[in-house]
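As a plain string of letters, each chain reads:
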Amino acid sequence: MNISLRAVWPKELCDPSGLRERQLGGKSPQQLGGGFTMVIDKGLGRNAFTDLVETASDYISCVKFGFGTAPLYKTEVLLHKINLAKQHGILVMPGGTLLETAVQQDLVPVFFKTICNLGFNAVEVSDGTIELSRSKRTELIREGKQHGLRVFTEYGKKLSGSLIDAARLAETMETDLAAGAEFLTVEARESGVGVGVFDQNGECREKVIQDIIEFVPDSSKLVWEAPQKQQQAMFLRKFGPNVNLGNIPPGEILALETMRRGLRQDTFEFGTNQKQADEFCYVI
């Protein structure tokens, strides 16, 4: 965590919950394990991306260049963004849809060679648009690992109205992790509407989440896509401040971190509960 921040502000104002600092032990949350936060970048330019990293790099674990946007950048801009992210310890990967396109076009070896040459250090294996056999999915995970990439997988279809089968998610996750993936992301698209665990109004399908929890009791390897504030707050209240969240808009990183710490009305109780707990321990 930013040392100068703690030197200027009392720790109770930096983290009223006391949970972020305690969990991270002085390390940045982007080092995986302190509440993974994945940003979706749908086309930030050089200056906007530099501003994002300068302002919020301490609270970003990974930047994903959404869908198939990566090939559309001018090469010098793309290289600048990749290198800047890596200089700040941030993982950077192209969207899973780009790998799906490579599968569909029979260009998987070229895809991996290209993203490695460009400097990407992570890759997402998904089948949100195409169909992947179990053997092909495993093959792609292993190929990513063989290229020295951190591998993330995604479960769920992007088609509006698509639901999550909790039992199949759990089975897929177990096999993905065994093949070398680090996290499995629960699909919600960049909108968080009408897909996966969210209905057409962006509200949570509680039954779906409960089913997932039942089949995956340890959610530490799950990343929940939650682009909307009320969705982020819901996951934080349900799983705690160090829940893994994805598809966070670039302009919402600091706002999300305030919710993780109890510095915003939506999760203000994090700080209140911690103060009461500390007072109770003091009395004891």
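Examining unusual backbone geometry
Part 1: Positive phi, close to 50°, is recorded for Phe67, a residue that is not glycine.
Part 2: Of note, Phe67 is situated in the loop between strand S2 (62-65) and helix H5 (75-87).
Part 3: Overall, Phe67 belongs to the partly exposed group, its relative accessible area being 32%.
Part 4: Phi angles above zero are rare outside glycine, and Asn247 is one such case at about 55°.
Part 5: One can find Asn247 in strand S8 (residues 245-248).

Considerations on the environment of Pro250
Part 1: Structurally, Pro250 can be placed in the loop between S8 and helix H12 (253-261).
Part 2: Considering only alpha carbons, one finds Pro250 and Val63, 187 residues apart in sequence, at a separation of 9.1 Å.

Some details on the nonpolar core
Part 1: Among the nonpolar cores identified, the biggest contains 65 residues, and Val197, Ile212, Trp224 and Phe235 are the most heavily contacted of them.
Part 2: Once residues lying within four places of it in the same chain are set aside, the contact partners of Phe235 are Val197, Phe198, Ile209, Trp224, Glu225, Ala226, Gly240, Val243 and Leu245.
Part 3: In terms of nonpolar packing, the next biggest core, distinct from the first, is built from nine residues, Met93, Phe152, Phe183 and Val223 among them.

Notes on the sheet that holds S2
Consider a sheet: its strands pair through backbone hydrogen bonds, and that pairing is either parallel or antiparallel.
Part 1: Spatially, S3-S2-S1-S8-S7-S6-S5-S4 is the arrangement adopted by the eight strands of the open sheet, whose pairing is parallel. Looking along the sheet, the strands with just one partner apiece sit at the ends: strand S3 (91-94) and strand S4 (122-125). Adjacent strand axes in the sheet meet at a mean angle of 25°, parallel and antiparallel pairs treated alike.
Part 2: Here two bridges tie strand S7 (residues 222-225) to S8, and the two strands are oriented parallel to one another. Directly across from Glu225, in S8, lies its bridge partner Gly246.

A few points about the side chain of Lys64
Part 1: Positionally, Lys64 belongs in strand S2.
Part 2: Separated by 3.2 Å, the side chains of Lys64 and Glu124 make a polar contact.
Part 3: Look past the residues within four positions of Lys64 in its chain and what remains in contact with it is Met38, Val39, Ile40, Asp41, Met93, Pro94, Gly95, Glu124, Glu154, Glu225 and Asn247.

Observations concerning the pattern of salt bridges
Part 1: Following the criterion strictly, the structure yields 15 salt bridges and no others.
Part 2: Measuring nitrogen to oxygen at the nearest pair gives 2.5 Å for the salt bridge that ties Lys81 to Asp41. Taken together, the positions of Lys81 in helix H5 and Asp41 in strand S1 (residues 37-41) put the pair 40 residues apart, joining distant regions of the chain.
Part 3: The class of Lys81 is buried, set by a relative accessible area of 0%.
Part 4: Judged by its relative accessible area of 0%, Asp41 falls in the buried class.
Part 5: Arg134 serves as the salt-bridge partner of Asp176, at 2.7 Å between the closest nitrogen and oxygen.

What about helix H7 (residues 108-118)?
Part 1: Within the sequence span of H7, burial applies to Val108, Phe111, Phe112 and Ile115. An end-on view of H7 places all buried positions within 90° of arc, on one side of the element. More than 90 degrees from the buried face of H7, the exposed residues found are Pro109, Lys113 and Asn117.
Part 2: On its buried face, H7 sits against S3, helix H6 (96-104), S4 and helix H8 (134-146).

Rules of the game
- Residues numbered from 1 in each chain as written.
- Predicted model: local features only at pLDDT ≥ 70, side-chain atom pairs only at ≥ 80, totals over all residues.
- Heavy atoms only, no water.
- Helix = DSSP H or I, 4+ residues; strand = E, 2+ residues; numbered from the N terminus.
- Buried < 20%, exposed > 50% of the residue type's maximum accessible area, 1.4 Å probe, protein only.
- Core = buried A, V, L, I, M, F, W, Y, C linked by side-chain atoms within 4.5 Å.
- Contact = heavy atoms within 4.5 Å.
- Pairing = 2+ DSSP bridges.
- Axes fitted to C-alpha atoms, helices over the stretch in contact; angles between N-to-C directions.
- Polar contact = N/O pair within 3.5 Å; in protein donor to acceptor, adjacent residues only side chain to side chain.
- Salt bridge = Lys/Arg side-chain N within 4 Å of Asp/Glu carboxyl O.
- Arc of directions from axis to C-beta.

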